[in-house]
Amino acid sequence: AKMAERFPVIPLVDGGHALTQPVYVDDVARTINRIVDDPEMFEGRRVDCFGPQDYSYAELAKFVYDITEQEPTLSDVPAEVVKYGANVLQYEGNPMLTPDMVDLWTEDYLPEMTAEKYEAQKQLGKVFTMKDLGVEATPIEKMAFKYLYRFRKGGHFILAEGYH
């Protein structure tokens, strides 16, 4: 959404086909709190944090621009081309795009196991998930408007009677 404020065309790296499972930061924080409460149990162990559903980056971009009512042009751009721009933008004070981000957007970032495989693991060497710690993953649809409405022209008040 921030990129759409500055640029009329938004690149979808390699078409935005790579998949990810966005996780709500508060869910990760609750997971960390549970680990801190019993550090011995998790010493040397891994805890995988991921959201409840996978999305392609193209789907996420369309979802964001639907909420923000922005209308940038989404353009399929090869990763090598996006990296050229990222090599320049990475030197901004708070860069919107870096070469490392381009690399991340070309790969799928999904849990390495299915939910059934996570549950079927033996306790010794088990890879924990947020669910194992009692943290239910929050769907992106539940929280997105809270963060994205500010990118609408006029914010969310433009939609309410009496504010304009």
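Every value quoted in this text rests on a predicted model; they were computed, and no experiment measured them.

Visitor: Could you give an account of a negative patch on the surface, naming the residues involved and the relevant values?
Guide: The grouping of Asp37, Asp38, Glu40 and Glu43 at the surface amounts to a negative patch. Inspection of the secondary structure puts Asp38 in the loop between helix H2 (25-37) and helix H3 (39-42).

Visitor: Requested: an account of helix H4 (residues 57-68), with residues and values cited.
Guide: Taking 1.5 Å of rise per residue, the 12 residues of H4 would be expected to cover 16 Å, and the 16 Å separating its terminal C-alpha atoms lies within 8% of that figure. Taken together, the buried positions of H4 are Tyr57, Ala58, Leu60, Ala61, Val64, Tyr65, Ile67 and Thr68. Positive backbone phi, approximately 60°, marks Glu69, located one or two places after H4.

Visitor: How would you sum up the packing of aromatic side chains? Please name residues and give values.
Guide: The final tally for this structure, using the stated rule, is five aromatic pairs. Taken together, a centroid distance of 5.7 Å and an interplanar angle of 35° make the contact between Phe50 and Tyr118 tilted. Here Tyr118 lies in helix H7 (residues 115-120) and Phe50 lies in the loop between strand E3 (47-48) and strand E4 (55-56), a separation of 68 residues in the sequence. With relative accessibility at 4%, the residue Tyr118 sits in the buried group. An angle of 50° between the planes, with centres 6.3 Å apart, marks the rings of Tyr57 and Trp105 as tilted. Of the two residues, Tyr57 is situated in helix H4 and Trp105 in the loop between helix H6 (99-104) and H7; the sequence distance between them amounts to 48 residues. Judged by its relative accessible area of 24%, Trp105 is partly exposed.

Visitor: Now, about the pattern of salt bridges: what can you tell me, with residues and values included?
Guide: Under the criterion given, the structure shown has eight salt bridges. A salt bridge links Glu69 to Arg152, with the nearest nitrogen and oxygen atoms 3.7 Å apart. With a gap of 83 residues between them, Glu69 in the loop between H4 and strand E5 (73-77) and Arg152 in the segment after helix H8 (140-148) connect regions that are remote in the sequence. A residue is classified by how much of its surface remains accessible, and Arg152, at 10% relative accessible area, is buried.

What counts, and where the lines are drawn
Residues numbered from 1 in each chain as written. Predicted model: local features only at pLDDT ≥ 70, side-chain atom pairs only at ≥ 80, totals over all residues. Heavy atoms only, no water. Patch = residues over 30% accessible without salt bridge, like charges linked within 9 Å, V, L, I, M, F, W, Y side chains within 5 Å. Areas by Shrake-Rupley, 256 points an atom, 1.4 Å probe, with all protein chains shown as cover. Salt bridge = Lys/Arg side-chain N within 4 Å of Asp/Glu carboxyl O. Lys, Arg positive; Asp, Glu negative; His and termini not counted. Charge placed at Lys NZ, Arg CZ, Asp CG, Glu CD. Helix = DSSP H or I, 4+ residues; strand = E, 2+ residues; numbered from the N terminus. Expected span 1.5 Å × (residues − 1). Buried < 20%, exposed > 50% of the residue type's maximum accessible area, 1.4 Å probe, protein only. Phe/Tyr/Trp six-rings, centres within 6.5 Å; stacked < 30°, edge-to-face > 60°.

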